[in-house]
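Residue strings, one per chain:
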Amino acid sequence: MKSLVIVESPAKARTISKILGKDFTVKASVGHIKDLPAKEMGIDIENNFTPNYIVIPGKEKVIKELKKASNDAEEIYIAPDPDREGEAIAWHIADEVKGKTKKIYRIKFNEITRSAVLESMQNPGEIDMQKVDAQQARRILDRLVGYELSPLLWRKVRRGLSAGRVQSVAVRLVVEREREVEAFKQEEYWSINAEFEGSRKPQFWAKLFKFNEQKVDIKNADGANSVVENLKNSRYLLTKIERKKRRRMPSPPFITSTLQQEASRKLRFTAKKTMMMAQQLYEGIELGEEGSVGLITYMRTDSNRIAAEAQQAAREFIEKAYGKAYIPEKPPFYKSKASAQEAHEAIRPTYLNYSHEAIKHYLSKDQSSLYKLIWNRFIASQMSPAEIEQTTFIIEDRGQGLGVSAQSPISNPQSQYEFRASGSVVKFQGFMVLYTEGTDEILDENEALLPALKEGETLRLLHLEPKQHFTQPPPRYTEATLVKTLEEKGIGRPSTYAAILSTIQDRKYVHKTDGKFAPTELGIVVNDMLVERFAELMDIGFTAGMEENLDHIEDGKKKWVKVVRDFYGPFHEKLRNAKMPSLLKVKRRLQRL
DNA sequence: CAGTGAGCGAGCTTCCGCTTGACTT
């Protein structure tokens, strides 16, 4: 008789089946199998918030198969992902599958490698009810808040609208950024660049940095012109050369949020497209005679962890391809953020023998470019830091030179103006041979190649170039920056970032022009309505507070019913007493769209 | 008598998070 192992994902089931061999049947639950009913609240609020879980429509077949396989099995191992949601899935599966006598084991795979899977099988445990309860509190609170607020919007604004802990905070971010943009007052300022020549070529540009020990602050053309007049006939001295060695560290391997950001910046993919391409690479690509191969690890993750085997393989690859200098003595360790649930590894290529060059004919153009991005980022993350020498010239004026003879140019020590020029030379490329992270901001253009001069040299002024600038408003969110912000604030999970972007657009709360998000009139009206009455609910702090309480449930310090009651009570009270703006008023405002 | 319209009731919309196909455009 075989043993049964149940995991969440069918792709994972195939991999684990290969590892465990023919004594084991491996089945997948394909995510959650039970949930609250979609058509009603499904929570008995009066009766300790008792949830009414039902089989998710369409999942009957899966459950039937799991039951049948359980009856045929000698031992049952339930192995959903080792995180909060996974524990709840395990609990629901156990409830469906438990027989009279058979013992059910909970096992956790932290990574899907041969050694890790076999080791986990040797250490079976129990379902962690505290973790399950934390998930229940999360689920029930999200349902209560979402399903009580949304009908309010149907009545007051428009049918089909919705509000919730995650989407409404996302909309609020966009609305508030727009207000900052509107409130922004553009200010004029000027910069002055100068071209100098020393005892050796090349000539170089430097930027006016200080005036009388103060940072340069020129407001208008008149100011700029008068400074230029002063500078024109001065003598200049290279008073100091600063040399700094800097190490630049590679970025950690991808997690979902950073993959979506980089694919947006470098490949112009939407979050949705990125996830679709990644899913295809994960599930497997036909590679001619090799058959179907899963090319990357799981793409919905918030962990930077890398399997020891993969790390070792990367080091061997790097040494062979680039040489010993390119591997650091100790493999780097990248810390995950505190709230990460560490259910999966970081996103990396599964097999380093499939380079993107080697298999590019089997991939679509988009699959190929995403695979290359993941490949390079992972390999680079295991390489040595780059070494960069940064040189800064500090240049000071020595007055007008009137009455100072050419033989003693340094006789006037009174300096008013200080210029700076900086240039960097890459001494050792390290990981930068392969990969550098994209950026949302405009890079400093003031990086130049500097000549080999000596401290104390006099310099000849060749050109002066005053330039007009204007201060810029804070940038509107793009998909990349909004996902980044959501992730940093702990709003939403890897499996939902792309969906959140779709939801707030589908509801017409925000729209995208030129790849940038701005709120619609509807979005502003709904946001203000919600924020006015439920400020704390529409705030990042709400999720943070909830998260902290979920931790306490997992620690056994709090009961889940108490947590739900403490959050729900004040909210519901407020909802009951909320004097919402009259229907007429809201409608009139919306007519002006 | 037929046609019109006021008034009423029923049914619909919704959350977040986990996973893939099975559908349609």
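Residues numbered from 1 in each chain as written. Chains lettered and ligands numbered in written order. Predicted model: local features only at pLDDT ≥ 70, side-chain atom pairs only at ≥ 80, totals over all residues. Heavy atoms only, no water.

1. Points about empty space enclosed by the protein
To find the voids left in a structure, one rolls a probe of water-molecule size over its atoms.
Moving on, step 1. Within this structure, the stated rule accounts for one cavity of 30 Å³ or more.
Moving on, step 2. If you add up the space inside the largest cavity, you get close to 40 Å³.
Moving on, step 3. The wall of the largest cavity is formed by Ser162, Ala163, Ser168, Val171, Tyr509, Val526, Asn527 and Leu530.
Moving on, step 4. Elements represented by at least two residues in the lining of the largest cavity include exactly helix H6 (167-183) and helix H15 (521-534).
Moving on, step 5. Per-element tally for the lining of the largest cavity: the top contributor is H15, with three residues.
Moving on, step 6. Looking at the lining of the largest cavity, its residues break down into five nonpolar, three polar and no charged. (1 Å grid on protein atoms, 1.4 Å probe; cavity = no way out; pocket = protein on both sides within 12 Å on 5 of 7 lines; lining within 4 Å. Points joined across faces, edges and corners; volume = space filled by probe spheres on them. Helix = DSSP H or I, 4+ residues; strand = E, 2+ residues; numbered from the N terminus. Nonpolar A, V, L, I, M, F, W, Y, C, P; charged D, E, K, R; others polar.)

2. Points about the environment of Glu178
Moving on, step 1. Tracing the chain through its elements places Glu178 in helix H6.
Moving on, step 2. Linking Glu178 and Phe378, residues 200 residues apart in sequence, is a C-alpha distance of 36 Å.
Moving on, step 3. Setting aside its immediate chain neighbours within four residues, Glu178 contacts Arg476, Phe517, Ala518 and Pro519. (Contact = heavy atoms within 4.5 Å.)

3. Comments concerning the domain arrangement of chain A
Moving on, step 1. Domain annotation of chain A identifies domain 1 (3-127), domain 2 (134-183 + 475-591), domain 3 (188-247 + 388-470) and domain 4 (256-381).
Moving on, step 2. Taking the mean C-alpha position of each, domain 2 and domain 4 sit 33 Å from one another.
Moving on, step 3. Listed as interface residues are 14 residues of domain 2 and, on the opposing side, 14 residues of domain 4.
Moving on, step 4. Taking both sides of the interface into account, the surface hidden between domain 2 and domain 4 amounts to around 1200 Å²; carbon and sulfur atoms contribute 58%.
Moving on, step 5. For Asp302, the salt bridge is made with Arg493, and the minimal N-O distance between the two is 3.1 Å.
Moving on, step 6. Counting every contact that joins domain 2 to domain 4 gives three residue pairs in polar contact (both at pLDDT 80 or more).
Moving on, step 7. Going through the elements one at a time, helix H13 (479-489) and helix H14 (497-506) are the ones with two or more residues in the side of domain 2 that touches domain 4.
Moving on, step 8. No other element matches the five residues that H13 contributes to the side of domain 2 that touches domain 4.
Moving on, step 9. Across the side of domain 2 that touches domain 4, the residue classes tally to six nonpolar, three polar and five charged. (Domains from an automatic or database assignment. Buried area = accessible area lost by both parts, 1.4 Å probe. Salt bridge = Lys/Arg side-chain N within 4 Å of Asp/Glu carboxyl O. Polar contact = N/O pair within 3.5 Å; in protein donor to acceptor, adjacent residues only side chain to side chain.)

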